[in-house]
Amino acid sequence: MVNLLMSKNKPIARIDDEKIEFIAFDLCPTLIKKGNFRGWVESRAVDTHRTNSRLLKRIQRLSGENDYNVVMKYNAATITDNFWVKEEGSELTFDEVMFKNNRFDNVALNGDINGFSIKPERTPELTNTGSYEKCWRRENGYWWMYKRQSMEESYSEIMTEKVGVYLGFDMAHYERAECGVKTLDFTDNARFNFESAFESVGDNDDYAYNYEFMKEYHLEKDYLKMIYLDSICMSVDRHTRNFGFLKDSDNGKFIKLAPNYDNNISLISRGDVSLKAGENFADFFIEFINNNRLNDTFRDLKIHMFDKDELIKLSVDTGYEVNHEKIAEFIIHMQEYINKSIKK
């Protein structure tokens, strides 16, 4: 079977038994440019380690199917970009492929067995990646991702967003939800294409390696802001699949780093904040700055230094009952620790 890789209604590559013939090279996703069509498709697959995703696959009559076949079931389409695949000669259009609703949200989020009464149909859940139980819901014309997680994780995610916004950093927007949190689709209904850093740098999450890549696209300062926020809020689970880029859907060019998201493994998510553990984690950032002589570059960011009252107010505004004072003291300590450890 010969397939066409599409960007909206424009063919951008022809796939014949995984051999790629480029039609519009610049518009293609990075993994496709590297010649890895199958890897690109598989990178879009729902994580089958999630209990509810296995339930969803059964309802969709896809039990036992590999990631490639699961994604291709509905043309490899996702909420967060404009790419999809169709058989050459098919008259299928982007409007027919793009997701307009999702009747399997409660299956994906809650494992709702009432989903067995719904016949298989198009759903964005088969390409909703990540390790947490989650789902997409369309509200007032926009997609929101709901994610099931603990109170501690939800507080930490929302508080980290508030800290980042206060510092002037570009942050994904989170709100409280009954299941944990919900976050607004930051591609503005795929007005931009989101691409994870994994497509460009693989699984290499080394700061220096990623910084050098960011410099090619003049994104290094935003990358520094992201890993600095990780350091002061102890967001320890940053990897190349939970940060990435927004790209122009009309020309394929990098626009900016995607808004900072996925900070649920931070602050109190794994227990009480620990100054020693925080310092040990921040040492990775400090060593990166010092060893790569980025001291002046870091200081040129002119990052605001919090006082306790500012942070306590941000924490109280989350609406969670936590030890606001202790968390404020932790973030202040981390800022001071980093500042004094960066060489002059």
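Residues numbered from 1 in each chain as written. Predicted model: local features only at pLDDT ≥ 70, side-chain atom pairs only at ≥ 80, totals over all residues. Heavy atoms only, no water.

**Q** Sorry if this is basic, but what is going on with the overall build of the protein here?
**A** If you tally the helices and strands in the protein, you get 14 helices and 11 strands. Taking 2.2 N^0.38 as the reference for a compact globule, 344 residues should give roughly 20 Å; the C-alpha atoms of the protein span a radius of gyration of 21 Å, in line with that estimate. Oriented by its inertia axes, the alpha-carbon framework of the protein measures out at about 65 × 45 × 35 Å. Looking at the 344 residues of the protein, the share that counts as buried comes to 56%. Contacts spanning at least 24 positions in sequence make up 68% of the contacts within the protein whose residues lie at least 6 apart. Roughly 16100 Å² of accessible area belongs to the protein as shown, and the carbon and sulfur atoms make up 46% of that amount. Taken as two groups, the 47 positive and 58 negative side-chain charges of the protein have centres that lie 2 Å from each other. (Helix = DSSP H or I, 4+ residues; strand = E, 2+ residues; numbered from the N terminus. Rg over C-alpha atoms; globule rule 2.2 N^0.38 Å. Buried < 20%, exposed > 50% of the residue type's maximum accessible area, 1.4 Å probe, protein only. Contact = heavy atoms within 4.5 Å. Areas by Shrake-Rupley, 256 points an atom, 1.4 Å probe, with all protein chains shown as cover. Lys, Arg positive; Asp, Glu negative; His and termini not counted. Charge placed at Lys NZ, Arg CZ, Asp CG, Glu CD.)

**Q** What am I meant to see in the packing of aromatic side chains here?
**A** Working definition: an aromatic ring pair is given by the centre-to-centre distance plus the angle between the planes. What the rule picks out here adds up to 22 aromatic pairs. Considering the side-chain rings of Trp-40 and Phe-83, the 6.4 Å spacing of their centres and the 80 degrees angle between planes classify their relative orientation as edge-to-face. Residue Trp-40 is found in helix 2 (residues 37–42), and its partner Phe-83 is found in strand 4 (residues 83–87); the two are separated by 43 residues along the sequence. Across the pair, exposure class does not vary: Trp-40 and Phe-83 are buried alike. Joined through ring pairs, the aromatic side chains of Phe-37, Trp-40, Tyr-68 and Phe-83 make up one cluster. (Phe/Tyr/Trp six-rings, centres within 6.5 Å; stacked < 30°, edge-to-face > 60°.)

Any functional reading would require information that these geometric values do not contain.
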